[in-house]
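Listed here are the chains, written in short residue letters.
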Amino acid sequence: MNTPPVLIVGAGPSGLMLALRLAHHGVACRIIDKNSGPGQASRAMAMHARTLEFYRQMGFADEVVNLGIQIHTVHVHEGGEELVKLALGEIGEGLSPYPFVLSLPQDEHERFLVGKLADAGVQVEWNVTLDLWTQDDSEVQAILLKDGERQYCTFNYICGCDGARSKVREIAGIDLSGGTYDHLYYVADAKVAGSNSDLHAHLGANSFALMLPVRTSGMQRLIGILPDRPPGAPAPVFDDVRGEVETLLNIQVEQVNWFSTYKVHHRVATHFRERRCFLLGDAAHLHSPVGGQGMNTGLGDAVNLAWKLAQKLQGRSHDALLDTYEAERIVFARKLVASTDRAFQAIVSQGMTGQVLRKWLVPHALPFLSGFEAARRMLFKTVSQIQISYEDSALSGGHAEHLRGGDRLPWFSDGTQDNFLALRSMDWQLHIYGVPAPELLDEARILKLPVHCYTFNVAAKQAGLGRDAAYLVRPDGHIALALHQQESGALRALALRLGMHFGPPESKAAPRPV
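All values derive from a computational prediction rather than experimental measurement.

Student: Sorry, what's going on with the pairing of strand β13 (residues 176–192) here?
Tutor: Side-chain positions along a regular strand alternate between the two faces of the sheet. Here β13 runs beside strand β17 (residues 253–269); their pairing, made up of 14 bridges, is antiparallel. Across the sheet, the residue bridging to Tyr185 is Tyr262, located in β17. Judged from the seven bridges that link them, β13 and strand β16 (residues 219–225) form a sheet pairing that is antiparallel. Each residue of the ladder has a partner; that of Ala188, found in β16, is Leu222.

Student: What is the right way to look at the sheet that holds strand β11 (residues 149–155) in this model?
Tutor: Sheet strands line up and pair through hydrogen bonds in the backbone, either parallel or antiparallel. Sheet architecture is open: three strands sit in the order β9-β10-β11, paired in antiparallel fashion. Strand pairing shows two members of the sheet lacking a second neighbour, β9 (128–135) and β11, which therefore form its edges. Direction aside, the axes of adjacent strands within the sheet are offset by 20° on average. Examined bridge by bridge, β9 and strand β10 (residues 140–146) share seven bridges and lie antiparallel to one another. Within β10, the position partnered with Thr129 by the bridge is Leu145.

Student: How should the packing of aromatic side chains be read in this particular structure?
Tutor: For any pair of aromatic rings, the description consists of the separation of the ring centres together with the inter-plane angle of the planes. Under the definition given, this model contains 15 aromatic pairs. Pairing Phe412 with Tyr433 gives two aromatic rings, centres 5.9 Å apart and planes at 70°, and the pair type is edge-to-face. Separated by 21 residues along the polypeptide, Phe412 in the loop between β22 (403–404) and β23 (429–433) and Tyr433 in strand β23 bring together distant segments of the chain. Residue classification places Phe412 among the buried positions, given a relative accessible area of 1%. The ring of Tyr157 carries the charged tip of Arg276 above its face, separated from the ring centre by 5.2 Å.

Student: What exactly am I supposed to notice about the pattern of salt bridges here?
Tutor: When the charged atoms of two side chains with opposite charge come close together, those side chains can pair. This structure, assessed with the given rule, holds 20 salt bridges. Between Glu53 and Arg408 there is a salt bridge, and its shortest N-O distance comes to 2.9 Å. Highlighted residues: Glu53 in helix α2 (residues 49–57) and Arg408 in the loop between β22 and β23, separated in sequence by 355 residues. A relative accessible area of 3% means that Glu53 is categorised as buried. Overall, the relative accessible area of 9% leaves Arg408 in the buried class. Between Asp137 and Arg275 there is a salt bridge whose closest N-O contact spans 3.5 Å. Taken together, the residues span a long stretch of sequence, with Asp137 in the loop between β9 and β10 and Arg275 in the loop between β18 (273–274) and β19 (277–279) at a distance of 138 residues. The class for Asp137 is exposed, based on a relative accessible area of 69%. The structure contains a network of salt bridges with shared partners spanning Lys308, Glu328, Arg474 and Asp476.

Student: In this structure, what is going on with the packing of helix α1 (residues 13–24) against helix α5 (residues 106–119)? I would like to understand it.
Tutor: When two helices pack together, their arrangement is captured by the angle between the axes and the distance separating the axes. Contact geometry of α1 with α5 gives a least axis separation of 10 Å together with a crossing angle of 20°. Classed by the angle they form, the pair α1 and α5 counts as roughly parallel. Handedness of the α1/α5 crossing: left-handed. Counting all contacts with α1, which are made through Pro13, Leu16, Ala19 and Leu20, the residues of α5 involved are Gln106, Glu110, Leu113, Val114, Lys116 and Leu117. Of the residues contributing to the contact of α1 with α5, the split by class is seven nonpolar, one polar and two charged.

Procedures and definitions
- Residues numbered from 1 in each chain as written.
- Predicted model: local features only at pLDDT ≥ 70, side-chain atom pairs only at ≥ 80, totals over all residues.
- Heavy atoms only, no water.
- Pairing = 2+ DSSP bridges.
- Helix = DSSP H or I, 4+ residues; strand = E, 2+ residues; numbered from the N terminus.
- Axes fitted to C-alpha atoms, helices over the stretch in contact; angles between N-to-C directions.
- Phe/Tyr/Trp six-rings, centres within 6.5 Å; stacked < 30°, edge-to-face > 60°.
- Buried < 20%, exposed > 50% of the residue type's maximum accessible area, 1.4 Å probe, protein only.
- Lys NZ or Arg CZ within 6 Å of the ring centre and 35° of its normal.
- Salt bridge = Lys/Arg side-chain N within 4 Å of Asp/Glu carboxyl O.
- Parallel < 35°, antiparallel > 145°, perpendicular 65-115°, else oblique.
- Left-handed = near helix turned anticlockwise from the far one by under 90°.
- Contact = heavy atoms within 4.5 Å.
- Nonpolar A, V, L, I, M, F, W, Y, C, P; charged D, E, K, R; others polar.

Below, the structure written as structure tokens:
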């Protein structure tokens, strides 16, 4: 039996996304998980625009949206009173096909992805544990425990998607540096009087609280800080926080279906790659709950890595391409953890910083700034992760109009043209907005690079695209090269430098060894 070239350890969102993207790229994998099935409960809820754009590439974004609840409005409270109301739909209009936050419980999300993976011919192997792994210059050797038996397997690569206590990371000897917040957090699924399809947040000294719709059945997810408890106190229950959360969010809880407590970490692995080993998701980075960024970041890790593994396994690039995974994703993870940590510490701080934030900045400055289009757009871009850029990557170069190599390709739709439709190929492509230069077309033809030409108009200009500019677009929808004057030679130079073949692989079967 042929052994798949990639072992994925962990079938949470990151692992499932990685397996799905590899399948779409024509690469076989084996995905295992020590649990008996998808999670039964969930802390990760928010799904942002960039994640939905990735799902649109794979053809099932609408199915995911229909499973969840679209959150179009955010309400910010303090002291039981509403301070700010932000309309997400208006803020993100024209920036993404999905100008909202989608609320979808992680357990439902995982079951959906497991089904899609099965449709692609890949079955998650539950109740399988990674016992040991090692690597040399040619392969990864792993010992798996399944049904009480030890399996000795070899792979080209191993991907650790196995969470905060990652066995893959532990064996690799990679540190997860950072810290743990002092507070103990609670999470609950509850029936709340009245109807709500918005996100509500309370800002207060040591009294952070969130409420968002969790199930189409009308349940709400409540997240907050558990009040300090004396030593030796019994295990906390929802009644310990009922009075506070009802006051903070001005709600009445009628029924509680699930309640749990947990600690929150802010940590980033010192490396995301160790030769043939890669770390993704919670195995690589842990975040505060601010902005609902954690799960979306892990899904972004999977998208970034999948096409690079596929190109290497299919003989379409040098190993240097795989180095760009860590270079691109660890920089973003470090910035994200630092920014969410600062924001969270400020929100719950009892000191002057927290008081200024809650008493002046949020109720006064935020509504004022939200009145400016540029501020609104920047807010949406940041939270939705469409602002992520790999400007310093070895894959990135050039600039055209407002875009640089490494930026996400802006979404452009005018009713007759939609440049994101071409991204469904999930392969390299050249976009030209205006009149194409014959020399560049000839270069693309020689390189077997698909070309998509669009009429430049007001909608394209508003999206930030340049007239008669060309953009080399990566399989993940980011711009590799921005060519202001459609300069020839740059495509060939990038291909030579990284040994890349832009055309489709000659065979879907991944060669071994690599």
